[in-house]
Amino acid sequence: MKKPLVHFIEWKKISTDDIGKVMADAASWGVKEIVAHPYWFREDGNFIPEIVRLLAANNLTAPACHALWGVGNDCVQRDETAHRQMIARHSRFLDQLAGLEVKTYTIHLGMPDRNEIDRDFDRIKRTVDELLPALHRNRIALALENSAEKMDVITRLAALAASYHDELVGMCFDAGHANCYQGGVKNTFEVMKNEIVTCHLHDNYGSFDDHNPPSDGNIDWRELTALLDSAPRMVHAETESGFWDQDSWDKFVRYTAY
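Here is a short report on the structure shown in this document. The shown structure was predicted, so the numbers you read here are calculated from the model rather than taken from an experiment.

What counts and how
- Residues numbered from 1 in each chain as written.
- Predicted model: local features only at pLDDT ≥ 70, side-chain atom pairs only at ≥ 80, totals over all residues.
- Heavy atoms only, no water.
- Helix = DSSP H or I, 4+ residues; strand = E, 2+ residues; numbered from the N terminus.
- Rg over C-alpha atoms; globule rule 2.2 N^0.38 Å.
- Buried < 20%, exposed > 50% of the residue type's maximum accessible area, 1.4 Å probe, protein only.
- Contact = heavy atoms within 4.5 Å.
- Areas by Shrake-Rupley, 256 points an atom, 1.4 Å probe, with all protein chains shown as cover.
- Lys, Arg positive; Asp, Glu negative; His and termini not counted.
- Charge placed at Lys NZ, Arg CZ, Asp CG, Glu CD.
- Pairing = 2+ DSSP bridges.
- Axes fitted to C-alpha atoms, helices over the stretch in contact; angles between N-to-C directions.
- Polar contact = N/O pair within 3.5 Å; in protein donor to acceptor, adjacent residues only side chain to side chain.
- Arc of directions from axis to C-beta.

Topic: the overall build of the chain
Helices and strands together make up the secondary structure of the chain, namely nine helices and eight strands. Computed over the C-alpha atoms, the radius of gyration of the chain is 17 Å, within 12% of the 18 Å expected from 2.2 N^0.38 for a compact globule of 258 residues. Summarising its shape, the C-alpha atoms of the chain cover approximately 50 × 45 × 30 Å along the three principal directions. Among the 258 residues that make up the chain, the fraction classed as buried is 57%. Of the contacts made within the chain by residues no fewer than 6 positions apart, 80% connect residues no fewer than 24 positions apart. As displayed, the chain offers around 11,000 Å² of accessible surface, 50% of which is attributable to carbon and sulfur atoms. Distance between charge centres in the chain, computed from 28 positive and 40 negative side chains, equals 3 Å.

Pasting the structure below:
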């Protein structure tokens with residue numbers, strides 16, 4: 001794979017006192033870039049400067065970030081007050097991330113069901129529109145992620161991203177989700193291809209979102225890496241396994257080296 005590999009670590013499971021040690025360990029394995037985590041968000045913004053210091057001390061950078069996610073943070077908010085609060089939180093986090101020189105910010109759709117699909121797409125568009133000032137202010141690309149949605153939703157989402165004609169609006173191709181929820185990596189990739197700015201890499205057997213490292217599933221990694229190399233806008237690739245130790249990192253390096 002031609003693009004840089006950015007390593008995901010589940011920082012919410014690591015104590016604040018151990019962050020520096022975990023970064024040092026990752027650097028010793030050959031990791032150069034790590035994924036910034038929503039756990040680092042603080043309303044007052046006082047945590048990112050410490051992260052900047054620790055990254056520099058370990059010769060690491062954090063060019064990718066997973067957005068705040070879950071209830072109250074995903075794109076679709078059907079309550080007006082919840083929507084305003086969600087936009088404000090994301091905008092604050094995007095401003096904080098400027099200190100890390102983050103390039104991509106992956107966000108979940110959060111579509112609760114298919115009963116209001118047209119209205120929910122209006123809500124997704126509104127979210128993108130209202131985040132654009134913070135995205136442009138900080139030169140960070142928003143990446144709309146394929147999660148557990150059906151293929152018709154992903155097709156419509158790709159068309160929405162393309163309609164912006166904006167380098168700071170794109171998609172995050174999640175290979176594990178494609179394999180598990182959308183019927184396979186290749187078909188989903190082809191739908192998203194021209195809008196992909198980053199990707200989440202993990203493996204599974206097609207029946208459950210296991211978030212395994214490569215080879216612990218049935219994804220064809222040789223095919224996957226060739227597909228990723230054909231994405232014209234992709235900035236970097238992100239590991240996203242629930243296992244982030246040296247063995248997992250080594251597997252990602254080996255299976256994306258095609």
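Further notes follow.
Section: the sheet that holds strand S1 (residues 5-6)
With parallel pairing, eight strands are arranged side by side in an open sheet as S1-S8-S7-S6-S5-S4-S3-S2. What marks the edges here is a single partner per strand, and that holds for S1 and strand S2 (33-36). Both strand S7 (residues 196-201) and strand S8 (residues 236-239) contribute to a ladder of four bridges, which runs parallel. Bridged to histidine 200 within S8 is glutamate 238. Sheet contacts for helix H5 (residues 151-163): strand S5 (141-145) and strand S6 (169-174); angle to S6, the most-contacted strand, approximately 150°.

Concerning the side chain of glutamine 182
The residue glutamine 182 is located in the loop between helix H6 (175-181) and helix H7 (185-192) in this model. For glutamine 182, a relative accessible area of 8% puts it in the buried group. Among the polar contacts listed, one links the side chain of glutamine 182 to the backbone oxygen of serine 147, at a separation of 3.0 Å. The contact partners of glutamine 182, leaving out residues within four places of it in the chain, are Asn146, Ser147, Ala148, Glu149, Lys150, Met151, Ile154, His177 and Thr188.

Digging into helix H2 (residues 48-57)
Residues Ile48, Ile51, Leu54 and Leu55 constitute the buried set of H2. The buried side chains of H2 occupy one side of the element, clustering within an arc of 115° when seen end-on. Along H2, exposed side chains directed more than 90 degrees from the buried face belong to Ala56 and Ala57. If you follow the buried residues of H2, they end up packed against helix H1 (19-29), S2, strand S3 (61-66) and helix H3 (80-97).

Details of the environment of proline 214
On the secondary structure map, proline 214 appears in the loop between S7 and helix H8 (221-229). A sequence separation of 42 residues divides proline 214 from threonine 256, and the C-alpha atoms of the two residues are 8.9 Å apart. Excluding residues within four positions of it along the chain, proline 214 makes contact with Asp203, Trp221, Lys251, Phe252 and Tyr255.

These results come straight from atomic positions and should not be treated as a statement about function.
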